[in-house]
Amino acid sequence: MILAAASDGPLDLGLLVLRVVFGLFLAAHGVRKITSGIGNTAGFFASIGMRWPATQAVIAAVTEIGAGLLFAAGLLSPLAAAGVLGVMSVAAFTHRKNGFFIFMPGQGWEYTASIAATAAAVGVAGSGRWSLDHALGIHADDWGGEWAPAVITLALGLGAAVLQLATSYRPATPDTSQ
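Residues numbered from 1 in each chain as written. Predicted model: local features only at pLDDT ≥ 70, side-chain atom pairs only at ≥ 80, totals over all residues. Heavy atoms only, no water.

(A) Seen up close, the overall build of the protein. For the protein, the helix and strand inventory stands at seven helices and zero strands. In sequence order, the protein lays out its α and β elements as α-α-α-α-α-α-α. Along the three orthogonal principal directions, the C-alpha set of the protein runs to about 65 × 30 × 30 Å. Looking at the protein as a whole, 39% of its 178 residues qualify as buried. Restricting the contact set of the protein to residue pairs at least 6 apart, pairs at least 24 apart contribute 73%. A total of about 9100 Å² of accessible surface is found on the protein, and carbon and sulfur atoms cover 71% of it. Across the protein, the 8 positively charged side chains and the 9 negatively charged ones have centroids separated by 15 Å. (Helix = DSSP H or I, 4+ residues; strand = E, 2+ residues; numbered from the N terminus. Buried < 20%, exposed > 50% of the residue type's maximum accessible area, 1.4 Å probe, protein only. Contact = heavy atoms within 4.5 Å. Areas by Shrake-Rupley, 256 points an atom, 1.4 Å probe, with all protein chains shown as cover. Lys, Arg positive; Asp, Glu negative; His and termini not counted. Charge placed at Lys NZ, Arg CZ, Asp CG, Glu CD.)

Shown next, in the form of structure tokens:
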């Protein structure tokens, strides 16, 4: 873990707050997708151009819940951060035409990009000493060196987002024949 040399204190508290808030909020968002009816989420996904909206709604909900809880706990942090980064990067990209601000009609992309950036930063830097990774002796830099957490987080998260968008995002094209 890159931050393993940092002493207990403000940095670890800051990382804990970021992880818990963003992780639990994202997990709650995933639960909401299910409890409000996965069909509603699938309908929204279809409206924005996702090719397999029912399947993608389930995958998004499960990813938000699973990655959100792991992120909050600081467990397998680069993998958890990659899940958050991936799902939020897809959300930011698919909302880009609605403008920057989330309060714009159709919801803008700034909120989802903020969550993605938070996940990327924590995944790259490490989850801190106040995490399950630290408590269990899991050090992501043991997985391939000092840069392993960054590579895992960014390559896996952004790679998954690009793959999903390339294979399954087909927004409607405006009819210009009139």
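Moving on, there is more to tell.
(B) Here's a closer look at the nonpolar core. In terms of nonpolar packing, the biggest core is built from 26 residues, with Met50, Phe71, Val84, Met88 and Ala119 touching the most fellow members. No other element matches the eight residues that helix α4 (residues 77–95) contributes to this core. Among all residues touching Phe71, those that are not within four sequence positions of it are Leu18, Arg19, Phe22, Gly23, Ala80, Ala81, Val84, Thr118, Ala119 and Val122. (Core = buried A, V, L, I, M, F, W, Y, C linked by side-chain atoms within 4.5 Å.)

(C) Molecular detail of the packing of aromatic side chains. Under the criterion given, the structure shown has four aromatic pairs. Taken together through their ring pairs, the aromatic side chains of Phe100, Phe101 and Trp109 make up a single cluster. The residue whose ring lies beneath Arg96 is Phe93, and the NZ or CZ to ring-centre distance is 3.9 Å. (Phe/Tyr/Trp six-rings, centres within 6.5 Å; stacked < 30°, edge-to-face > 60°. Lys NZ or Arg CZ within 6 Å of the ring centre and 35° of its normal.)

(D) Looking closely at the environment of Arg170. Mapping Arg170 onto the fold places it in the segment after α7 (148–168). Overall, Arg170 belongs to the partly exposed group, its relative accessible area being 41%. The spatial distance from the C-alpha of Arg170 to the C-alpha of Ser89 is 16 Å, given a sequence separation of 81 residues. The residues touching Arg170, leaving out its near neighbours within four places in the chain, are Gly49, Arg51 and Leu165. For Arg170, the side chain forms a polar contact with the main-chain oxygen of Ala166, separated by 3.2 Å. (Polar contact = N/O pair within 3.5 Å; in protein donor to acceptor, adjacent residues only side chain to side chain.)

(E) Broad picture of the pattern of salt bridges. Taken as a whole and judged by the stated rule, the model has one salt bridge. A salt bridge links Glu64 to Lys33; its shortest N-O distance comes to 3.1 Å. Of the two residues, Glu64 is situated in helix α3 (residues 53–73) and Lys33 in helix α1 (residues 10–35); the sequence distance between them amounts to 31 residues. With a relative accessible area of 10%, Lys33 lands in the buried category. (Salt bridge = Lys/Arg side-chain N within 4 Å of Asp/Glu carboxyl O.)

(F) Summary view of the environment of Pro78. Mapped onto the fold, Pro78 is located in helix α4. It is 8.6 Å that separates the C-alpha atoms of Pro78 and Ala120, two residues lying 42 residues apart in sequence. Beyond its immediate sequence surroundings of up to four residues, Pro78 is in contact with Gly123, Ala140, Trp143, Pro149, Ile152 and Thr153.

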